[in-house]
Every structure is written in structure tokens, then in C-alpha cells.
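Below, each chain spelled out in residue letters.
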Amino acid sequence: MMHLTGALALLLLLAPAAHAGWVVLDESGDQTLISRGRLKLAPQKAAGHSMVIDVGQARMWIADAGRRVYWEGTVEEYCEAMRGTMAEIDKQMAEAMKNMPPAQREQMQQMMRQMGRGGGAGPAPTVTIERTGDTETIAGLPTRKYRVLADGKLHQELWLTTDTALLRELELGRASDTFGRMFGCMAGMGGGERVETSAEYRGIYAQGWPLKAIHHAEGKGGARSTVARVEQRDIPDREFAAPAGFRAVPLSEIFGTERPRR
């Protein structure tokens, strides 16, 4: 009996640990589900766009619940499709501006340059990441503040957590590359190089996971986002599977730059 008890105890010790998963809720009510290196970004509105990113596989899908359509592919395919989408938007805007009065056309062109469109993005900025001594508890987790500088000017403040259990589910060792490419190409959609496309910025995800961010414009405080609640919860694998019953479409159709296919 003692031998049997010892064998059972050994089996329990060797059994793989259960992945409880995490639910992260931000101040706007949107939630992110995290489990085994997979993240699902789910908006508060049921008809909005949801997204899943598999960190280890560098794959993702995006779904439009309102139209019951989705796109699936690699992070690189997403970036390539988004570049094509933005090029199509530029083309449509250029066509629309042809018939505008000169003053209105100049105003529109100036707005596009401010957005980084139309070849006015300029050279890549020099990015510096500063680790500060400021700490803060956010949603019950300890964080440390980091400052992101672009050409010496404050671009962003980030509060990163290094909570062991959360980072284990995020598979942070792979996150630096996958999230760096993902968010880098999203930020670079404006044309030219951006802070988020730099190697320095991509390295942030090797330090921890942001629970609070303040984005600055010309050194002034701007948009902010903060995690309101973080909790561990069992999350079934089906949450991260491509939505059943949805029709697969090109990414351009998801974002409305291509007419829906029948």
C-alpha cells in the first residue's frame, strides 16, 4: 500500500499543471482572454471586431460578429494585407480629393501628412527606453513605469507587470518577437517608420506586460488606457478557435475597403 501511495504521489507531481488562464478587463469594458500563449481581444459590443493572436505560432484571426465573417493567417500575412488595405484607402482618398476645391484639398493633404500618409512621415526616430524607479499596483498586480522617448521627446509611458503566473500564460519569451511585429506593423500603417516598429520598442515585451499606458503628443499627456481588473479563470480552448459558422473573407473585406462577396 505504501508503494502504491508513493507511486500515485509521483504521478501527481509529474502531471502537467493545469492552465487556468487569465481575464483582463480594461476601463472601457473590453476584455482580453489569455491562455497558453494565446490572446483573445473581445470588445464590449457583441457586434464589434474580435481578434485572437497565437504567440508561439505567430498566427491570428479577426472576426466581424455583425457580418459573421472572419480572416485568418500569419502575423506577416496580416501586415502585408494591411499595407494593401492602406494603399487602397490612399487611392480612394486621392480620387476623392480631385474634385475638392483647392483650399479643402490642401486641408485634406495636410491632415494626411499629419497622419503619416502621402510620403510625409519623415525619417525613423531614435527610440530610447528608460526604466524608472516608479512602481504602482494596478488591478492587484505590481508594475514598474517605463518611459519611451522618440528623438529625446516623451512618446509614451508604460507600466509593466512581471507577475510570474501571468507572464507564464503569455509565454513572454516568444511575445517580444510576435507582438513586436504585430504592433509594429499596426503602428507603421501610417507610412514610414514609427516608434513602435523599432527594435528598442519591440524589446519592451521581453520586460513585462503593460497594464497601463499613456500616449503623448508633442510632450503633452494624451490618450490613456488602464487595466481595471485581472483575474485567473479556466478558459476553454474553443474561445481561441476560429468562429464556427462564419465565412472566411479577405482582410480588406473585414475592414470595409472591399465589397462583400456573395
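About the cut-offs
Starting from 1, residues in each chain are numbered consecutively following that chain's sequence as written. Local features are withheld for residues below a pLDDT of 70 in this predicted model, meaning they are given only at 70 or higher, and side-chain atom pairs are given and counted only at 80 or more; totals for whole chains, interfaces and linings count all residues. In computing side-chain properties, one takes all heavy atoms of the structure into account and sets aside hydrogens as well as water. Here the nonpolar core consists of buried residues drawn from Ala, Val, Leu, Ile, Met, Phe, Trp, Tyr and Cys, with membership extended through side-chain atoms lying within 4.5 Å. Note on classification: 1.4 Å probe, protein chains only; a residue is buried when its accessible area is under 20% of the maximum for its type, exposed when over 50%, partly exposed between these limits. Any two residues having at least one pair of non-hydrogen atoms within 4.5 Å are treated as being in contact. The criterion for an aromatic pair is that two Phe, Tyr or Trp rings (for Trp, the six-membered ring) have centres within 6.5 Å, with stacked assigned to planes under 30 degrees apart, edge-to-face to planes over 60 apart and tilted to the rest. The rule for a charge over a ring is simple: NZ of Lys or CZ of Arg within 6 Å of the ring centre, and within 35 degrees of the ring normal. Every helix listed is a DSSP run of H or I at least four residues long, and every strand listed is a run of E at least two residues long, numbered separately from the N terminus. Each pair of strands is called paired provided DSSP finds at least two bridges between the two strands. Residue-level confidence of the predictor, termed pLDDT, takes values from 0 up to 100.

Visitor: Lay out the nonpolar core in plain terms, naming residues and giving numbers.
Guide: Formed by 46 residues in total, the largest nonpolar core has its most connected members in Met 60, Tyr 78, Phe 179 and Trp 209. Apart from the residues lying within four places of it in its own chain, the contact partners of Met 60 are Met 51, Val 52, Ile 53, Trp 71, Glu 72, Gly 73, Thr 74, Val 75, Tyr 78 and Met 182. Grouped together as the second largest cluster of nonpolar side chains are 9 residues, Val 23, Val 52, Ala 63 and Phe 240 included.

Visitor: Residues and numbers for the packing of aromatic side chains, please.
Guide: Each aromatic ring pair is specified by the distance between its two centres and by the angle formed by the two planes. This model, assessed by the stated rule, comprises 2 aromatic pairs. Ring geometry for Trp 71 and Tyr 78: centres 6.2 Å apart, planes at 55°, overall tilted. Comparing Trp 71 with Tyr 78, the two get one shared label, buried. Summarising the aromatic geometry, the rings of Tyr 205 and Trp 209 are spaced 6.0 Å apart at their centres and angled 55° between planes, so their arrangement reads as tilted. Given a relative accessible area of 6%, Tyr 205 falls into the buried group. Its relative accessible area of 12% is what places Trp 209 among the buried residues. Geometry around Trp 159 places Lys 212 over its ring, the cationic atom sitting 4.4 Å from the centre.

Visitor: Quick rundown of the pairing of strand E2 (residues 31-35)? Include the residues and the values.
Guide: A large share of E2 lies buried, amounting to 4 of its 5 residues. Across 4 bridges, strand E1 (residues 22-26) lies against E2 in antiparallel orientation. Along E2, the bridge assignment pairs Leu 25 with Gln 31. What sits between the antiparallel neighbours E1 and E2 is a turn of 4 residues, in which Gly 29 has the positive phi angle 100°. In terms of strand pairing, E2 meets strand E3 (residues 38-42) through 5 bridges, oriented antiparallel. The residue of E3 that forms the bridge with Thr 32 is Leu 41. Linking E2 back to E3 in an antiparallel pair, the connection comprises 2 residues, with Arg 36 at a positive phi of about 50°.

Visitor: Tell me about the environment of Thr 74, and name the residues and values.
Guide: Structurally, Thr 74 can be placed in strand E6 (residues 69-74). Overall, the relative accessible area of 23% leaves Thr 74 in the partly exposed class.

Visitor: Describe unusual backbone geometry, listing the residues and the values that go with them.
Guide: The backbone of Arg 36 shows a phi angle near 50°, a positive value even though the residue is not glycine. Along the chain, Arg 36 turns up in the loop between E2 and E3.

Visitor: Run through the confidence of the model for the protein, naming residues and quoting values.
Guide: Predicted confidence across the protein gives a mean pLDDT of 80, with 77% of residues reaching 70 or more. Segment residues 1-18: pLDDT under 50, and 0 contacts once partners within four positions in sequence are set aside and those in other chains are kept.

Visitor: Go over the pairing of strand E4 (residues 49-54), please, and point to the residues and values.
Guide: Relative to E4, E3 runs antiparallel, the two being bridged by 4 bridges. Paired with Arg 38 across the bridge in E4 is Asp 54. Alignment of E4 against strand E5 (residues 59-64), held across 6 bridges, turns out to be antiparallel. Of the residues in E5, the one forming a bridge with Val 52 is Trp 61.

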